[in-house]
Amino acid sequence: QGTRDHPPARVALRDRLLGTVVSCFKRHGAAAIDTPVLELRETLMGKYGEDTKLVYELQDQGGELLALRYDLTVPFARYLAMNKITNMKRYHIAKVYRRDNPAMTRGRYREFYQCDFDIAGHFDPMIPDAECLKIVYEILSDLQLGDFLIKVNDRRILNGVFAICGVPESKFITMCSTMDKLDKMPWEEVRSEMVGEKGLSLEAADHIGEYVQLHGGLDLIERLLQDPKLSQNKLAKEGLGDMKLLFEYLTLFGITGKISFDLSLARGLDYYTGVIFEAVLLQQQNDHVEEPVGVGSVAGGGRYDGLVGMFDPKGRKVPCVGVSIGIERIFSILERRVEASGEKVRTTETQVLVATPQKHLLAARLKLISELWDAGIKAEMSYKKDPKLLKQLQYCEDTGIPLAAIVGEQELSDGVVKLRDVATREEVRV
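Here the structure is a predicted model, which means the values were calculated and not measured.

A. Representation of the overall build of the protein in the model. Along the backbone of the protein there are 15 helices and 17 strands. The principal-axis extents of the C-alpha atoms in the protein amount to approximately 90 × 65 × 40 Å. Per-residue burial over the protein gives 50% buried out of 430 residues. Put simply, 66% of the contacts in the protein that link residues at least 6 apart link residues at least 24 apart. In the structure as shown, the protein presents an accessible area of about 21600 Å², 51% of it carried by carbon and sulfur atoms. A distance of 4 Å separates the average location of the 57 positive side-chain charges in the protein from that of its 63 negative side-chain charges.

Next comes the structure, spelled out in structure tokens:
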């Protein structure tokens, strides 16, 4: 099916991961929203480039053609338009559905979680965009996944490159879909798809190749602003101007060391209109390799200023920029790491087990555990009337519960509780 059941250890690990992501989103002032799993088919169609074929469509349901949501961005744009919201900072963590060929080992499923953060509203250029990149930086740093790189580009710069290289405007979007494969296959194969399948001339493809293999920072932006052909293209000039501004803000945030302006970055979705970005984890192959090697995208996003207008009856536009954290891919990496280290993942957050050493003390346990729960302490107890003490302590060891609160006849008559540290076996009377 390409979906999987999650045993408790997996769920606990994912909760830990989501907790880190959510606390970052909240730190940046985002409110949580929710949208339905089902959307009208027409809402989703034609928004995802060549991936539209992966949308799960449902047959006529009482006169309506429906589909399962493919991502959280298009439903968000529909939500803004329907509710006439023009200004919002939101996050949404939920499952999305894709009729894809699943590859479990690579974290590709038909049902999986997405974690999105978006800023909607009319603001000055590049300030919200810089914050989205800062969020990616914070989350990937907090999760300690190793070295990473955030690639940045702008659809307007790409379209400018296509224009000066002789690509007809009608082929811009389909060229982006082909270019988006550059992280998975070499330029030679992408070039032959442009020429063989998309009907581009060899000369135009080679001209594009001169640009899309460039990557750098502010110096590259300055160089392209001086490029005689590119600087004459209105779209590219706008994009480069904004990119320069973005890098100034990222410098103030102190994160440019992890950012690369990369002209090969395309992102295959139709709705992007400006800045686009993607974060990849880097893997040092060996000591002799100068360039680190990417191990797949773990976050991506960009600016989509035209999407909300598509759902507004009057076509009113709400500019938006957002980022999606590839939580399943990150999860796969963390899970493999935990397995390799042999670390045991705790499946509960229980702080203390209420235990008794003798028979006929169920009432004492029930009274004590009730007090602990009322005090906000996470506590458990055995559901047997007269459990053996050894079994109770063994349960603590198996599940990682750090403390046992033991009440026996002696403790009851002394009005105390024996608190036992499960790991060290040290005991104190409280």
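Anyway, onward from the coordinates.
B. Representation of the packing of aromatic side chains within the structure. As enumerated under the stated definition, the model contains 9 aromatic pairs in all. Ring geometry for Phe76 versus Tyr79: centroids 6.5 Å apart, planes at 25°, classification stacked. In this pair, Phe76 and Tyr79 both sit in helix H3 (residues 73-82), 3 residues apart, roughly one turn of the helix. Summarising the burial analysis for this pair, Phe76 and Tyr79 share the class buried. Centre to centre, the rings of Tyr137 and Phe148 are 5.9 Å apart; their planes meet at 65°, and the pair counts as edge-to-face. Separated by 11 residues along the polypeptide, Tyr137 in helix H4 (residues 127-142) and Phe148 in strand E7 (residues 148-154) bring together distant segments of the chain. In this structure Tyr137 comes out as partly exposed when scored by relative accessible area, which is 23%. Taken together through their ring pairs, the aromatic side chains of Tyr48, Tyr70, Tyr271, Tyr272 and Tyr304 make up a single cluster. The cationic tip of Arg90 hangs over the ring face of Phe76; the distance from NZ or CZ to the ring centre is 4.1 Å. Stacked on the ring of Tyr70, the Lys or Arg Arg98 has its end atom at 3.8 Å from the ring centre.

C. Focus on helix H13 (residues 362-374). With 13 residues, H13 ought to run about 18 Å at 1.5 Å a step, and its terminal C-alpha atoms sit 18 Å apart, in line with that. Of all the positions in H13, only Ala364, Arg365, Leu368, Ile369 and Leu372 are classed as buried. Here the buried residues of H13 occupy an arc of 120° about the axis, which is enough to place them on one side. In this structure, H13 carries Ala363, Lys367, Glu371 and Asp374 as exposed residues pointing more than 90 degrees from its buried face. Next to the buried residues of H13 lie strand E13 (352-355), strand E14 (379-381), helix H14 (389-399), strand E15 (403-406) and helix H15 (409-414).

D. Layout of the packing of helix H1 (residues 8-27) against helix H12 (residues 327-341). Two elements in contact, H1 and H12, have axes whose closest approach is 10 Å; the angle formed by their N-to-C orientations is 125°. Judged on the interaxial angle alone, H12 and H1 are oblique. Between H1 and H12 lies a crossing whose hand is right-handed. In this structure, H1 contributes Arg10, Leu13, Arg14, Leu17, Leu18 and Val21 to the contact, and H12 contributes Ile327, Ile330, Phe331, Leu334, Glu335 and Val338.

E. Broad picture of the pattern of salt bridges. As enumerated under the stated definition, the model contains 29 salt bridges in all. Here Arg316 and Asp312 are joined by a salt bridge, their closest N and O atoms 3.2 Å apart. In this structure Arg316 comes out as partly exposed when scored by relative accessible area, which is 40%. Among the salt bridges present, the one from Arg420 reaches Glu427, with a minimum N-O distance of 2.9 Å. One continuous salt-bridge network, built from bridges that share partners, spans Asp154, Arg156, Lys234, Glu238 and Asp242.

F. Focus on the nonpolar core. The biggest cluster of nonpolar side chains holds 78 residues, and the ones touching the most others in it are Ile208 and Phe261. Top contributing element to this core by residue count: H1, with 8 residues. If you look at the next biggest cluster of nonpolar residues, it comprises 27 residues, including Ile33, Met88, Ala120 and Phe311.

G. Geometry of a positive patch on the surface. On the surface, Lys359, Lys384, Lys388 and Lys391 cluster together into a patch of positive charge. Secondary-structure assignment places Lys388 in the loop between E14 and H14.

H. Summary view of the layout of surface pockets. Space inside the second largest pocket adds up to approximately 260 Å³. What lines the second largest pocket is Leu353, Glu380, Met381, Ser382, Tyr383, Lys384, Asp386, Pro387, Lys388, Lys391, Gln392 and Tyr395. Looking at the lining of the second largest pocket, the elements with two or more residues in it are E14 and H14. Taken together, the residues of the lining of the second largest pocket sort by class into 5 nonpolar, 2 polar and 5 charged.

I. Summary view of the domain arrangement of the protein. Taken domain by domain, the protein comprises domain 1 (8-341) and domain 2 (352-429). Summarising the inter-unit geometry, the C-alpha centres of domain 1 and domain 2 are found 51 Å apart.

J. Region of interest: the pairing of strand E5 (residues 88-97). Of all 10 residues that make up E5, 7 are buried, and the element is covered over most of its length. In the sheet, strand E1 (residues 31-32) pairs with E5 via 2 bridges, with the strands oriented parallel. Within the sheet, the bridge partner assigned to Ala32 lies in E5 and is Tyr91.

K. Geometry of the UniProt feature "binding site: L-histidine" (unreviewed entry) in the protein. If you check UniProt for "binding site: L-histidine" (unreviewed entry), the listed places come out as Asp71, Leu72, Thr73, Arg98, Gln114, Asp118, Arg267, Tyr271 and Tyr272 in our numbering. Looking at where Thr73 falls in the secondary structure, it is placed in helix H3. If we skip the residues at most four places from it in the chain, Thr73 touches Arg90, Asp116, Tyr271, Tyr304 and Leu307. Residue position: Tyr271 is located in the loop between strand E9 (259-262) and strand E10 (275-283). According to the relative accessible area criterion, Tyr271 is buried, its value standing at 6%. Setting aside residues no more than four positions away along its own chain, Tyr271 makes contact with Lys47, Tyr48, Asp71, Thr73, Val74, Arg303, Tyr304 and Leu307. Only 2.8 Å separates the side chain of Tyr271 from the side chain of Asp71, close enough to count as a polar contact.

Calculation notes
Residues numbered from 1 in each chain as written. Predicted model: local features only at pLDDT ≥ 70, side-chain atom pairs only at ≥ 80, totals over all residues. Heavy atoms only, no water. Helix = DSSP H or I, 4+ residues; strand = E, 2+ residues; numbered from the N terminus. Buried < 20%, exposed > 50% of the residue type's maximum accessible area, 1.4 Å probe, protein only. Contact = heavy atoms within 4.5 Å. Areas by Shrake-Rupley, 256 points an atom, 1.4 Å probe, with all protein chains shown as cover. Lys, Arg positive; Asp, Glu negative; His and termini not counted. Charge placed at Lys NZ, Arg CZ, Asp CG, Glu CD. Phe/Tyr/Trp six-rings, centres within 6.5 Å; stacked < 30°, edge-to-face > 60°. Lys NZ or Arg CZ within 6 Å of the ring centre and 35° of its normal. Expected span 1.5 Å × (residues − 1). Arc of directions from axis to C-beta. Axes fitted to C-alpha atoms, helices over the stretch in contact; angles between N-to-C directions. Parallel < 35°, antiparallel > 145°, perpendicular 65-115°, else oblique. Left-handed = near helix turned anticlockwise from the far one by under 90°. Salt bridge = Lys/Arg side-chain N within 4 Å of Asp/Glu carboxyl O. Core = buried A, V, L, I, M, F, W, Y, C linked by side-chain atoms within 4.5 Å. Patch = residues over 30% accessible without salt bridge, like charges linked within 9 Å, V, L, I, M, F, W, Y side chains within 5 Å. 1 Å grid on protein atoms, 1.4 Å probe; cavity = no way out; pocket = protein on both sides within 12 Å on 5 of 7 lines; lining within 4 Å. Points joined across faces, edges and corners; volume = space filled by probe spheres on them. Nonpolar A, V, L, I, M, F, W, Y, C, P; charged D, E, K, R; others polar. Domains from an automatic or database assignment. Pairing = 2+ DSSP bridges. UniProt positions renumbered as here; feature names shortened; annotations may be inferred. Polar contact = N/O pair within 3.5 Å; in protein donor to acceptor, adjacent residues only side chain to side chain.

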